[in-house]
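Next come the chains, spelled out residue by residue.
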Amino acid sequence: MHVASELRLDLSARALSVSVGDHSATLALGWSRMDSFAWPGEPKAADIECAIDHIEDALQSVATWASAPESASLNADAFDKLVAPHTALLPVNGGTLTREVLESAFRTWAEAAQGSVTAGRVRFGATSQGDAILLLLREIAHHWDIPRLTRRANVES
(Lines give C-alpha, C1' and ligand atoms only; values in the text may rest on other atoms or scores of the structure.)
Protein backbone atom coordinates (compact mmCIF):
# COMPACT_ATOMS: atom_id res chain seq x y z
CA MET A 1 0.00 0.00 0.00
CA HIS A 2 1.26 3.47 -0.92
CA VAL A 3 1.80 5.78 2.05
CA ALA A 4 0.92 9.37 1.25
CA SER A 5 2.31 12.33 3.17
CA GLU A 6 -0.47 14.96 3.49
CA LEU A 7 -3.90 14.45 1.98
CA ARG A 8 -5.74 17.71 1.27
CA LEU A 9 -9.50 17.59 0.91
CA ASP A 10 -11.44 20.57 -0.42
CA LEU A 11 -15.16 19.97 -0.27
CA SER A 12 -17.71 22.32 -1.77
CA ALA A 13 -21.32 22.15 -2.84
CA ARG A 14 -20.35 20.75 -6.26
CA ALA A 15 -17.17 18.69 -5.83
CA LEU A 16 -14.54 17.06 -3.66
CA SER A 17 -10.98 17.95 -4.66
CA VAL A 18 -8.34 15.52 -3.42
CA SER A 19 -4.60 16.14 -3.59
CA VAL A 20 -1.46 14.60 -2.21
CA GLY A 21 2.04 15.18 -3.52
CA ASP A 22 1.97 15.27 -7.33
CA HIS A 23 -1.48 13.67 -7.51
CA SER A 24 -4.82 15.44 -7.62
CA ALA A 25 -8.35 14.73 -8.71
CA THR A 26 -11.78 16.30 -8.55
CA LEU A 27 -14.68 13.99 -7.79
CA ALA A 28 -18.37 14.82 -8.33
CA LEU A 29 -19.07 14.40 -4.61
CA GLY A 30 -20.05 17.86 -3.39
CA TRP A 31 -22.58 18.11 -0.57
CA SER A 32 -25.33 19.51 -2.84
CA ARG A 33 -24.73 16.73 -5.37
CA MET A 34 -25.00 14.12 -2.63
CA ASP A 35 -28.09 15.77 -1.17
CA SER A 36 -29.97 15.64 -4.47
CA PHE A 37 -28.60 12.21 -5.38
CA ALA A 38 -29.34 10.43 -2.15
CA TRP A 39 -32.32 11.85 -0.34
CA PRO A 40 -34.68 14.56 -1.55
CA GLY A 41 -36.40 14.53 1.87
CA GLU A 42 -35.68 12.70 5.11
CA PRO A 43 -33.00 10.03 4.49
CA LYS A 44 -34.08 6.42 4.81
CA ALA A 45 -31.79 3.42 5.31
CA ALA A 46 -32.01 2.48 1.61
CA ASP A 47 -31.09 6.06 0.60
CA ILE A 48 -28.03 5.94 2.83
CA GLU A 49 -26.90 2.59 1.37
CA CYS A 50 -27.34 3.92 -2.17
CA ALA A 51 -25.30 7.04 -1.32
CA ILE A 52 -22.57 4.91 0.29
CA ASP A 53 -22.30 2.79 -2.88
CA HIS A 54 -22.02 5.95 -4.99
CA ILE A 55 -19.31 7.41 -2.72
CA GLU A 56 -17.33 4.15 -2.59
CA ASP A 57 -17.27 3.91 -6.40
CA ALA A 58 -15.91 7.46 -6.69
CA LEU A 59 -13.34 7.03 -3.90
CA GLN A 60 -12.00 3.83 -5.45
CA SER A 61 -10.82 5.79 -8.50
CA VAL A 62 -8.11 7.56 -6.47
CA ALA A 63 -7.54 5.08 -3.63
CA THR A 64 -4.15 3.88 -4.90
CA TRP A 65 -2.54 7.25 -4.14
CA ALA A 66 -4.93 8.79 -1.58
CA SER A 67 -5.08 5.96 0.97
CA ALA A 68 -3.25 5.83 4.31
CA PRO A 69 -1.96 9.41 4.51
CA GLU A 70 0.33 10.55 7.31
CA SER A 71 -2.05 13.47 7.82
CA ALA A 72 -5.26 14.79 6.30
CA SER A 73 -6.91 18.20 6.28
CA LEU A 74 -10.27 19.60 5.20
CA ASN A 75 -11.10 23.15 4.14
CA ALA A 76 -12.66 25.25 6.91
CA ASP A 77 -15.92 25.94 5.02
CA ALA A 78 -16.90 22.28 4.92
CA PHE A 79 -15.45 21.49 8.35
CA ASP A 80 -17.42 24.30 9.99
CA LYS A 81 -20.65 23.52 8.13
CA LEU A 82 -20.59 20.04 9.65
CA VAL A 83 -19.16 20.71 13.12
CA ALA A 84 -20.41 24.11 14.27
CA PRO A 85 -24.06 23.16 14.94
CA HIS A 86 -23.18 19.80 16.54
CA THR A 87 -20.32 20.11 18.97
CA ALA A 88 -21.99 17.62 21.36
CA LEU A 89 -22.08 14.85 18.74
CA LEU A 90 -18.87 15.89 17.01
CA PRO A 91 -16.36 16.89 19.68
CA VAL A 92 -13.42 18.66 18.09
CA ASN A 93 -10.07 18.54 19.80
CA GLY A 94 -7.83 21.36 18.61
CA GLY A 95 -9.52 21.61 15.21
CA THR A 96 -9.33 17.86 14.66
CA LEU A 97 -12.02 15.22 14.13
CA THR A 98 -11.06 11.61 14.70
CA ARG A 99 -12.33 8.66 12.68
CA GLU A 100 -13.94 7.29 15.86
CA VAL A 101 -15.93 10.51 16.35
CA LEU A 102 -17.09 10.42 12.71
CA GLU A 103 -18.07 6.75 13.04
CA SER A 104 -20.02 7.40 16.25
CA ALA A 105 -21.89 10.37 14.74
CA PHE A 106 -22.63 8.33 11.61
CA ARG A 107 -24.06 5.45 13.68
CA THR A 108 -26.34 7.86 15.58
CA TRP A 109 -27.50 9.46 12.33
CA ALA A 110 -28.05 6.10 10.59
CA GLU A 111 -30.03 4.75 13.55
CA ALA A 112 -32.26 7.82 13.38
CA ALA A 113 -32.76 7.26 9.64
CA GLN A 114 -33.82 3.70 10.40
CA GLY A 115 -36.43 4.93 12.86
CA SER A 116 -34.68 4.13 16.13
CA VAL A 117 -36.73 5.47 19.02
CA THR A 118 -33.62 6.04 21.14
CA ALA A 119 -31.79 7.97 18.40
CA GLY A 120 -34.66 10.36 17.72
CA ARG A 121 -34.11 12.68 14.77
CA VAL A 122 -30.55 13.79 14.14
CA ARG A 123 -29.72 16.28 11.42
CA PHE A 124 -26.20 17.59 10.89
CA GLY A 125 -26.82 21.18 9.88
CA ALA A 126 -29.90 23.27 9.25
CA THR A 127 -30.42 21.39 5.99
CA SER A 128 -29.36 17.97 4.80
CA GLN A 129 -26.03 19.43 3.59
CA GLY A 130 -24.52 18.52 6.94
CA ASP A 131 -25.88 14.98 6.56
CA ALA A 132 -24.14 14.67 3.19
CA ILE A 133 -20.86 16.05 4.57
CA LEU A 134 -20.95 13.61 7.49
CA LEU A 135 -21.55 10.68 5.14
CA LEU A 136 -18.77 11.75 2.77
CA LEU A 137 -16.21 12.28 5.54
CA ARG A 138 -17.11 9.04 7.28
CA GLU A 139 -16.63 7.08 4.05
CA ILE A 140 -13.36 8.86 3.27
CA ALA A 141 -11.96 8.21 6.76
CA HIS A 142 -13.15 4.61 6.70
CA HIS A 143 -11.97 3.58 3.22
CA TRP A 144 -8.76 5.60 3.03
CA ASP A 145 -7.66 4.75 6.58
CA ILE A 146 -7.57 8.33 7.87
CA PRO A 147 -7.28 8.38 11.68
CA ARG A 148 -7.91 12.13 12.02
CA LEU A 149 -9.02 15.07 9.91
CA THR A 150 -7.74 18.58 10.70
CA ARG A 151 -9.49 21.87 9.91
CA ARG A 152 -7.49 23.88 7.37
CA ALA A 153 -8.00 27.61 6.80
CA ASN A 154 -9.61 28.50 3.50
CA VAL A 155 -7.29 29.95 0.89
CA GLU A 156 -8.46 33.29 -0.48
CA SER A 157 -8.06 33.64 -4.24
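Quick summary incoming for the structure in this document. Here the structure is a predicted model, which is why all the values come from computation and not from measurement.

**Topic: the nonpolar core**
Move 1: Ranked by internal contacts, the top residues of the largest apolar core, which has 46 residues, are Leu7, Leu9, Val18, Leu29, Leu82 and Trp144.
Move 2: When residues of this core are assigned to their parent elements, the largest contribution, 8 residues, is made by helix H6 (residues 129-143).
Move 3: Sequence-distant contacts of Leu29, that is, excluding residues within four places in its chain, are made with Leu11, Arg14, Ala15, Leu16, Met34, His54, Ile55, Ala58, Leu59 and Leu136.

**Remarks on the packing of aromatic side chains**
Move 1: Scanning the model with the defined rule gives 0 aromatic pairs in all.
Move 2: Sitting over the ring of Phe106, Arg138 keeps its end group 4.3 Å from the ring centre.

**Details of the pattern of salt bridges**
Move 1: Scanning the model with the defined rule gives 5 salt bridges in all.
Move 2: In this structure, Arg151 and Asp80 form a salt bridge, with 2.8 Å as the shortest nitrogen-oxygen distance. In this pair, Arg151 is assigned in strand S6 (residues 148-152) and Asp80 in helix H4 (residues 76-83), connecting sequence segments 71 residues apart.
Move 3: For Arg151, a relative accessible area of 37% corresponds to the partly exposed category.
Move 4: You can call Asp80 partly exposed: its relative accessible area is 31%.

**Thoughts on the sheet that holds S6**
Move 1: Pairing is mixed in the open sheet, where 6 strands are placed in the order S3-S2-S1-S4-S6-S5. Strands at the two margins of the open sheet, each flanked by one partner only, are strand S3 (23-27) and strand S5 (96-98). For this sheet the average axis-to-axis angle between neighbouring strands, irrespective of direction, equals 20 degrees.
Move 2: Here strand S1 (residues 6-11) pairs with strand S2 (residues 16-20) via 4 bridges, running antiparallel. Residue pairing across strands places Leu11 opposite Leu16, the latter belonging to S2.

**What about the environment of Glu139?**
Move 1: For Glu139, the location among the structural elements is in helix H6.
Move 2: The sequence separation of Glu139 and Ile55 amounts to 84 residues, and the corresponding C-alpha distance is 7.3 Å.
Move 3: Apart from the residues within four sequence positions on either side, Glu139 is in contact with Ile52, Ile55, Glu56, Leu59 and Trp144.
Move 4: A polar contact of 2.3 Å, which involves the side chain of Glu139, links it to the side chain of Arg138.

**A look at the pairing of S3**
Move 1: Both S2 and S3 contribute to a ladder of 5 bridges, which runs antiparallel. Bridged to Val18 within S3 is Ala25.
Move 2: Between S2 and S3, which pair antiparallel one after the other, the connecting turn spans 2 residues, and Gly21 there sits at a positive phi close to 55 degrees.

**Let's talk about H4**
Move 1: By the burial criterion, the buried members of H4 are Ala76, Ala78, Phe79, Leu82 and Val83. One side of H4 holds all its buried residues, which, seen down the axis, span an arc of 165 degrees.

Procedures and definitions
- Residues numbered from 1 in each chain as written.
- Predicted model: local features only at pLDDT ≥ 70, side-chain atom pairs only at ≥ 80, totals over all residues.
- Heavy atoms only, no water.
- Core = buried A, V, L, I, M, F, W, Y, C linked by side-chain atoms within 4.5 Å.
- Buried < 20%, exposed > 50% of the residue type's maximum accessible area, 1.4 Å probe, protein only.
- Helix = DSSP H or I, 4+ residues; strand = E, 2+ residues; numbered from the N terminus.
- Contact = heavy atoms within 4.5 Å.
- Phe/Tyr/Trp six-rings, centres within 6.5 Å; stacked < 30°, edge-to-face > 60°.
- Lys NZ or Arg CZ within 6 Å of the ring centre and 35° of its normal.
- Salt bridge = Lys/Arg side-chain N within 4 Å of Asp/Glu carboxyl O.
- Pairing = 2+ DSSP bridges.
- Axes fitted to C-alpha atoms, helices over the stretch in contact; angles between N-to-C directions.
- Polar contact = N/O pair within 3.5 Å; in protein donor to acceptor, adjacent residues only side chain to side chain.
- Arc of directions from axis to C-beta.

That is the geometry; function is a separate question.
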